[in-house]
Each structure stands twice: as C-alpha cells, then as structure tokens.
Amino acid sequence: MPSFSSLGIGLGGNVNVNDLIKAAVDAVKLPITRTNGLNQQAAVTNAKVSAFGQLKSLVSTLSDAAGKLTSVTGWNGVAATSSSTDFVTVSAVGGAAATSFNVQVQNLAKAQSSISDALTPAKSPVGAGTLTLTTGTWSGSPKSFAAGQDPAVNIDVSATDTLEDVASKINGSKAGVSATVLTDASGQRLMLRSKTTGESAGYQLGVTDADGSNSDSSGLSRVLSGTTEYAQNANATVNGVAVTSGTNVFANAVAGVTFTAVKPTTADVSITVSKDNSAVKANVQAFITAYNAVNSALNDATKYDKDTKTAGLLQGDSSAVTLQNTLRMTLQSINQSGAFRALSDVGVVSAGGAGNLSPDGSLTLDSTKFDKAMQSPDDVKAFFRGADGGSVTDGFAGKLQAVTSKLLGSDGFFASKDQSYKDVLKRNAADIERVTDRASEVEKNLTARYTALDTKMSNINQLNSYIQQQVVAWNKRL
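Here we summarise the structure given alongside this text. (Residues numbered from 1 in each chain as written. Predicted model: local features only at pLDDT ≥ 70, side-chain atom pairs only at ≥ 80, totals over all residues. Heavy atoms only, no water.)

**Some points on the packing of helix H1 (residues 17-28) against helix H11 (residues 413-477)**
Argument step 1. With their axes 9 Å apart at the nearest point, H1 and H11 run at an angle of 155 degrees to one another. Regarding the angle of H1 to H11, the classification is roughly antiparallel. Classified by chirality, the crossing of H11 by H1 is right-handed. Across the interface between the two elements, Val17, Leu20, Ile21, Ala24, Val25 and Val28 of H1 pack against Val435, Arg438, Ala439, Val442, Glu443, Leu446, Thr447 and Tyr450 of H11.
Argument step 2. Residues of the contact of H1 with H11, tallied by class, amount to eleven nonpolar, one polar and two charged. (Axes fitted to C-alpha atoms, helices over the stretch in contact; angles between N-to-C directions. Helix = DSSP H or I, 4+ residues; strand = E, 2+ residues; numbered from the N terminus. Parallel < 35°, antiparallel > 145°, perpendicular 65-115°, else oblique. Left-handed = near helix turned anticlockwise from the far one by under 90°. Contact = heavy atoms within 4.5 Å. Nonpolar A, V, L, I, M, F, W, Y, C, P; charged D, E, K, R; others polar.)

**Comments concerning the layout of surface pockets**
Argument step 1. Quantified by volume, the largest pocket comes out at close to 230 Å³.
Argument step 2. Contributing elements (two or more residues each) for the lining of the largest pocket: strand E6 (113-116), strand E11 (187-194), strand E12 (202-209) and strand E13 (226-229).
Argument step 3. A breakdown of the residues in the lining of the largest pocket according to their chemical character gives nine nonpolar, eight polar and no charged.
Argument step 4. Computed from the structure, the second largest pocket encloses a volume of approximately 190 Å³.
Argument step 5. Together, 16 residues line the second largest pocket, and Thr135, Gly136, Asp150, Ala175 and Gly176 are the ones closest to its centre.
Argument step 6. In the lining of the second largest pocket, the residues fall into five nonpolar, eight polar and three charged. (1 Å grid on protein atoms, 1.4 Å probe; cavity = no way out; pocket = protein on both sides within 12 Å on 5 of 7 lines; lining within 4 Å. Points joined across faces, edges and corners; volume = space filled by probe spheres on them.)

Okay, here's the thing in structure tokens:
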C-alpha cells in the first residue's frame, strides 16, 4: 500500500488513510478473526483430531489386551521351579505338562583347550609352513579323532611370522578355535580353545613344516608339543536316567522343560512344573487398565462442569457418546453358555462396588472372586475365549476384540471420523482463502481510490494556492 497517512483540508481536516483502510480490511476479515471464527474453528477441529487420535491409540491398546485373553498361549502359562538354583535352573514353555522330577549333575560341559610348550626366544619367527585345524570328536582311550562335517581350515605361516602373528591368523580363519599367546619366564606358548563346548566341538591341530620335518623341535611343528584337555559333554541324570548335552543346557531331555546345569550336584535337585495363573490374572488386569484408560479419556472429553460452566472438548459430540456406549454395552454382554456368563462372575466388577459399572464407568478386579473362579480355570478360559472347539467370538474377549477391530478398521469408526474432520478442515481452509482474497481485493481497491483522491487533493491545493497568488497580485494593482 502506498505510504501516506492523511488527506488535506479538502476533507475537512487531516484523515489517517492507513487506519481507514485497515479498519475496512479488518471488517472483511471478521469471519476469520472473530470469536468462534474460522481460525478458532480450525483450532478446535485440530484439537478434536488430536483427541480422537488419542482415543484411537487407547482403543488399540484395549484391543491388544482383549487379544491376549483370546490367545491360547496366555492360558497355558506354567511355573517351573528348582529346589536349588545354585546347582540347576529351569524354565518351561507355555502348555508344558505339570510334572516333577529329580536331577543330578555329574559334570559340566567343557571346551577343548591346549597349550604348547614354550617357544624361545620370545617374539621371534616360529618358522614357515601350514597349520591345519580340523573340528570333530575325540573319543576312546587312547584318544582317537573323528573329523566333523566342516572342512579343515589351512593357515599359511610365513618365515617372518611370530607366535602373535600365528594367533592372529587363527582367530581370523573362522576355524571354530580361538588363539591367544601366553608369555612366561620360559618363553611364549600358543593357547587354543574351541569356541563351543561339548564332545563334538573338539579340534585337531596339524602342521606341514617348511623344513620338511613335522616333528622336530626347530620349525613350526614346535607348536604341536604341549598338553591338551579334551572337550566333554555335560552329563546328568533325570530320575536316575542318564542324559547328556553338548552345553550345560538340557533342552530336549523333558518335553517342554529346559534345565541348565550350574555346577555338579551333591544331592538330588527337585524340579517342579505347575500351572501358573499369574499370567492370566495379569492379562485380565491389563484389560481392566486399558478399558479404564479409554473410559476416563471419554469422560474427561465429554464432561460439563456446572460450577465453572466449562465443557470438555467433545461435550455434545454424538460420535464420542456413541463410542463410549458401544464399549459399555460390550462390557455388559452376557455369554449364552458356560459356568460364567458375565464379567462380574469372574471378579471384574464396578470400581464403585455393586453392579456392572461404577458411576464413572470404571472397573476393578476383585482378586478374591477372581482367584475363586480360577479354581475352575477351564471355565474362566471358556468365558473369555469361548469353549474349546467353538468360536473365539463366543467368549467375552472375542466379542470385545471384534468390536474394537471394527472400530479401528480402515473403514471403521475412527477412519470415518478422521475423514470427516479432514473434510471440515478442507472447507475451513477454502473459506479462509475466500475471505482473505476478498480482504486483499478490498485493500487493493481502497488503496487505489485513496491514492487517486490524494492526487486530486494535491492538484486542488496547488490550484487554490495559484488562485490566492493571483488574488493578491490583483489587489495590489487596484
């Protein structure tokens, strides 16, 4: 807009043109800027988008909680205990049969290790040639070696390689053996150790010495002289029956149960596997927590405070009320068959005490009632996920998951609500653009008119000044 602030006396005094134009433009923009105008409407709509996004996340958590109650795994929890974890630890997979047995550990699994005689002088070349490492099993007495399926690994040693160089090449060869160098007062020794335990993880070291002799005491073959401790399996008994494992973990001895030898035993260690209801209780509590979170968020969003006369963001929003009623109706659904028909039968009760729901709709777990119901675990399981052989949706958790999945679906409640808000925001943006364009046009037209008027007033003032000059000159001549 041209920079001018006033018009001359032709309008009866100075007039602030900028203020006039701004006032006119502001009046045109009132649909955008006024209280509850387009800007505020957009802000409220965006806040509602965020609120429903939070609700969607909470309903998703509720759906996941229902899913755990429909999963077979959640109902097959077991607890495995050892009478002495200093000697034997134990774990069991869900669904493992309840059982008990005694374990004795004779020895732990061991890796093969060897150490060469001292090579002197230290840090000097050990001699050229080729080392061959073969993995396999040592057995019998005297020990004999049977190569495993993996191919032997050849390691070339140059005439300048020291023992450290040899160890580094072994470690880089992926031969299943780790190498280190021990330096003592006698010289340097090559220490080898298989990377895994068990009889099948043994190794054999061979040498092809560049000097033509593989058994002298002057070339690379010197690394063969020394001592060896052979690999062994862990050995134990289960109720007196011998079992063995290449590691200290016995994963296949008892179906569904894994026990780990910590150290050799001096007496029987008792292992017990029993049904564990704590996982079921935790899943039920997770469902209650998830539902209460959704319910609380909906209560806060739809409430009206009479004292402060303030309303929640979604107060009066029929879709929010519909969502809350949908979830509450699902909670009050009754199974058509089974020993337990309603949530209250299994200890999921109103946080207020009596009835299905408290005044604010929250739930709590009556542990005493739940524990009593779990004395018939199959009946509780049937209540939540339907009877064996039937449909999961016959159970309460199946019904709830079906409802929440529909709400969360690509064409469900939240997707529809999100699209409706996108449409509102799109129309709002178009309205703001239309009003803004109109305000720009008003500003442009008014600026042009006042500019033209300013020019005319300037010309009139110039003419007025000229006339005054002529009148003064005329009067002097008279």
